[in-house]
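Here's the letter readout for the chains.
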Amino acid sequence: MPTQTDPLVECWEAGERLADRIAMVGDQEDLQIWRRSRNEWVRKAFEAISTTRGAGLAREFQQAATVSRPLVSSHLALPGELTTLRHALDFLEPLTRADEPVLQTH
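Summary of the structure given here. (Residues numbered from 1 in each chain as written. Predicted model: local features only at pLDDT ≥ 70, side-chain atom pairs only at ≥ 80, totals over all residues. Heavy atoms only, no water.)

### Remarks on the nonpolar core
Test applied: Here, nonpolar core refers to any group of buried Ala, Val, Leu, Ile, Met, Phe, Trp, Tyr and Cys residues whose side-chain atoms link them within 4.5 Å. Each residue's exposure class comes from its accessible area (1.4 Å probe, protein chains only) as a fraction of the maximum for that residue type: buried when under 20%, exposed when over 50%, partly exposed otherwise. Helix and strand assignments come from DSSP, with helices taken as H or I runs of at least 4 residues and strands as E runs of at least 2, each series counted from the N terminus. Residues count as neighbours in contact if any of their non-hydrogen atoms are within 4.5 Å of one another.
Within the largest apolar cluster, 24 residues are counted, with the highest numbers of intra-cluster contacts made by W41, I49, F61, L85 and L92. Only α1 (7-21), α2 (28-53), α3 (55-64) and α4 (74-92) provide two or more residues apiece to this core. In terms of residue count, α2 provides more of this core than any other element does, seven residues in total. Excluding residues that lie within four positions of it along the chain, F61 makes contacts with W41, V42, A45, F46, I49, A88, F91 and L92.

This is the structure:
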């Protein structure tokens, strides 16, 4: 019988893969593709956090995952994009631990 993976662990792992892929961004088109992937990851993580830990934490995660000043130029944007992604992963990582209390949704 297959075991079901925790959706928060899946989101954290997907975020790590996304962080690894930022090194392959070479031009504006690559950046736009990467940003679409990041936005989809944020949406899925938001839903998983909202379902398992509550809407308040999900909103906090969404704020942590939002680039404050997205830049258009790929070579200028990448450091800020990666820093923001790392902040979001840092927020998400403790939520993946089974010993963390689960918040009730309202």
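Here the narrative resumes.
### So, α3
The cut-off we apply is this: Here the arc refers to the directions that run from the helix axis out to each C-beta atom.
Every buried residue of α3 is listed here: L57, A58 and F61. Projected onto a plane normal to the axis of α3, the buried residues spread over an arc of 105° and lie on a single side. Of the surrounding secondary structure, the elements contacted by the buried residues of α3 are α2 and α4.

### Observations regarding the environment of W41
Examined against the element boundaries, W41 turns out to sit in helix α2. As for W41 and C11, which are separated by 30 residues in sequence, their C-alpha atoms are 7.2 Å apart. Those residues in contact with W41 that lie beyond four places of it in its chain are C11, A14, G15, L18, F61, L85, A88, L89 and L92.

### Re the packing of aromatic side chains
Heads up, the rule is: To pair, rings of Phe, Tyr and Trp, with the six-membered ring standing in for Trp, must have centres within 6.5 Å; the planes then decide the type, stacked if under 30 degrees apart, edge-to-face if over 60, and tilted in the middle.
Applying the stated criterion across every chain yields a total of two aromatic pairs. On the basis of an interplanar angle of 50° and a centroid distance of 6.2 Å, the ring pair of F61 and F91 is categorised as tilted. With F61 in helix α3 and F91 in helix α4, the pair connects residues that are 30 residues apart, well separated along the chain. One aromatic cluster is present, formed by W41, F61 and F91 through successive ring pairs.

### Some details on the packing of α2 against α4
Our working rule: Interaxial angle, 0 to 180 degrees, is taken between N-to-C directions of lines fitted to C-alpha atoms, where a helix line uses only the stretch in contact. Any angle from 65 to 115 degrees is called roughly perpendicular, while one under 35 is roughly parallel, one over 145 is roughly antiparallel, and all others are oblique. Handedness of a crossing is defined here by the sense of rotation of the near helix relative to the far one, left-handed for an anticlockwise turn of less than a right angle and right-handed for a clockwise turn. Side-chain classes are defined by residue name, with Ala, Val, Leu, Ile, Met, Phe, Trp, Tyr, Cys and Pro counting as nonpolar, Asp, Glu, Lys and Arg as charged, and the others, Gly among them, as polar.
Look at α2 against α4: their axes get within 12 Å of each other, and the N-to-C directions meet at 15°. One element, α2, and the other, α4, form an angle in the roughly parallel class. As α2 packs across α4, the resulting crossing turns out to be left-handed. Contact residues: α2 offers Q28, L31, W34, R35, R38, W41 and I49, while α4 offers S74, A77, L78, E81, L85, A88, L89 and L92. Across the contact of α2 with α4, the residue classes break down as ten nonpolar, two polar and three charged.

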